[in-house]
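Results of the structural survey
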Amino acid sequence: MVYGVILAGGVGSRMGGEKPKQYLTVKNKPIIIYTIEKFFTCPEFEKVIVLCPEQWVEHTKNLIKKYISPALKKVVVIEGGSTRNETIMNAVDYIEAEGNLDKDTIIVTHDSVRPFVTHRIIEENISVCRKFGACDTVIPATDTIVEAANGKEISDIPDRSIMYQGQTPQSFKAMKLKEVYNSLTEEEKNILTDAAKILVLKGEKVALVAGETFNIKITYPYDLKIAKSLLEDEE
């Protein structure tokens, strides 16, 4: 089985204001609704699991009911964890509790604030994950990447031709991901920045899926202006 996993745990500290960024409205709809719509309309998904802070669970359910009520049959909203990867593990635990976790179960994890993901990207994630067991959506780096180990001066300038910018979705065979995550030490867990690194830390292969430059993550106020422009282009 294949599950969509939408991560909506952000608090929006870089956006400013009290409302998490995924609940901000762009062109008359909350950002998270655009993202859920992309996953809800993908026929491959058994269910779409939306994970958010406990205090936003009922609000998220109400938004789905208001904007895309048919999705209530396929979309479930549950509480996330204290970190990104704990949130993903909550989704895996939900699948396991349903009796649907086996070696072929796939999860397609995605940021709730990346509403411009395409069905092509989602479908390729599923296909590549079936073949390789894990994949990450990326685009080639267009700017020079500068490393500064001490945060003050350049320590290295890697070859840009082999550098990529990570996006989401990131997709995994769920049982394998859980096994590897549970094998990590607390120190290893503390250095994780995303789910793909869970596997990379243990030498597991993670394949690449081509993303899109417009598959942006809405993080800063300027991103809202870009999002509005992109939505106007879709009309």
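See the structure shown above.
Residues numbered from 1 in each chain as written. Predicted model: local features only at pLDDT ≥ 70, side-chain atom pairs only at ≥ 80, totals over all residues. Heavy atoms only, no water.

Structurally, Asp-111 can be placed in strand 6 (residues 106-111). Leave out the neighbours within four places in its chain, and Asp-111 touches Leu-7, Thr-35, Arg-84, Thr-168 and Lys-217. (Helix = DSSP H or I, 4+ residues; strand = E, 2+ residues; numbered from the N terminus. Contact = heavy atoms within 4.5 Å.)

Moving on, we come to the packing of aromatic side chains. Under the criterion given, the structure shown has 2 aromatic pairs. With a centroid separation of 4.6 Å and an interplanar angle of 15°, the aromatic rings of Tyr-23 and Trp-56 are classed as stacked. Placement of Tyr-23 in the loop between strand 1 (2-7) and strand 2 (25-26) and of Trp-56 in the loop between strand 4 (47-52) and helix 2 (57-67) is noted, with a sequence separation of 33 residues between them. Here Tyr-23 and Trp-56 have matching classes, each one buried. For the ring pair Phe-39 and Phe-45, a centre distance of 5.3 Å and an interplane angle of 5° mean the geometry is stacked. In terms of burial, Phe-39 and Phe-45 fall into one category: buried. Lying over the aromatic face of Tyr-181, Lys-189 brings its terminal NZ or CZ to 4.5 Å of the ring centre. (Phe/Tyr/Trp six-rings, centres within 6.5 Å; stacked < 30°, edge-to-face > 60°. Buried < 20%, exposed > 50% of the residue type's maximum accessible area, 1.4 Å probe, protein only. Lys NZ or Arg CZ within 6 Å of the ring centre and 35° of its normal.)

Our focus in this paragraph is unusual backbone geometry. Here the residue pair Thr-168 and Pro-169 is connected by a cis peptide bond, since its omega of 15° sits within 30 degrees of zero. Positioned with a positive phi, Lys-27 is a non-glycine residue whose angle comes to about 55°.

Among the 10 residues that make up helix 1 (residues 31-40), 8 are buried, leaving the element largely enclosed by the rest of the structure. Those residues of helix 1 that sit buried are Ile-31, Ile-32, Ile-33, Tyr-34, Thr-35, Ile-36, Lys-38 and Phe-39.

With that settled, consider the pattern of salt bridges. Tallying each qualifying case throughout the model produces 14 salt bridges. Between Lys-178 and Asp-93 there is a salt bridge, with the nearest N and O atoms lying 3.1 Å from each other. In this pair, Lys-178 sits in helix 5 (residues 174-183) while Asp-93 sits in helix 3 (residues 84-97), placing the two residues 85 residues apart along the sequence. Owing to a relative accessible area of 37%, Asp-93 belongs among the partly exposed residues under this scheme. Between Lys-176 and Glu-204 there is a salt bridge; the shortest N-O distance is 3.3 Å. Of this pair, Lys-176 sits in helix 5 while Glu-204 sits in the loop between helix 7 (196-201) and strand 9 (207-210); the two residues are 28 residues apart in sequence, bridging distant segments of the chain. Classification of Lys-176 as partly exposed rests on a relative accessible area of 37%. Within this structure, Arg-84, Asp-111 and Arg-114 form a network of salt bridges that share partners. (Salt bridge = Lys/Arg side-chain N within 4 Å of Asp/Glu carboxyl O.)

By volume, the second largest pocket amounts to about 240 Å³. Counting residues per element, the lining of the second largest pocket draws most heavily on strand 8 (residues 164-173), which supplies 3 residues. A breakdown of the residues in the lining of the second largest pocket according to their chemical character gives 2 nonpolar, 6 polar and 3 charged. (1 Å grid on protein atoms, 1.4 Å probe; cavity = no way out; pocket = protein on both sides within 12 Å on 5 of 7 lines; lining within 4 Å. Points joined across faces, edges and corners; volume = space filled by probe spheres on them. Nonpolar A, V, L, I, M, F, W, Y, C, P; charged D, E, K, R; others polar.)

Our focus in this paragraph is the sheet that holds strand 4. Within the open sheet, the 7 strands sit side by side as 5-4-1-6-8-7-9. Their pairing is mixed. Either end of the sheet is taken by a strand with one partner, and the two such strands are strand 5 (75-79) and strand 9. Mean inter-strand twist for the sheet, computed between neighbouring axes without regard to direction, equals 30°. Relative to the sheet, helix 2 contacts strand 4 and strand 5, its axis offset from that of strand 5 by approximately 165°. Helix 4 (residues 119-132) contacts strand 1, strand 6, strand 7 (134-140), strand 8 and strand 9 of the sheet and is inclined by roughly 165° relative to strand 9. (Pairing = 2+ DSSP bridges. Axes fitted to C-alpha atoms, helices over the stretch in contact; angles between N-to-C directions.)

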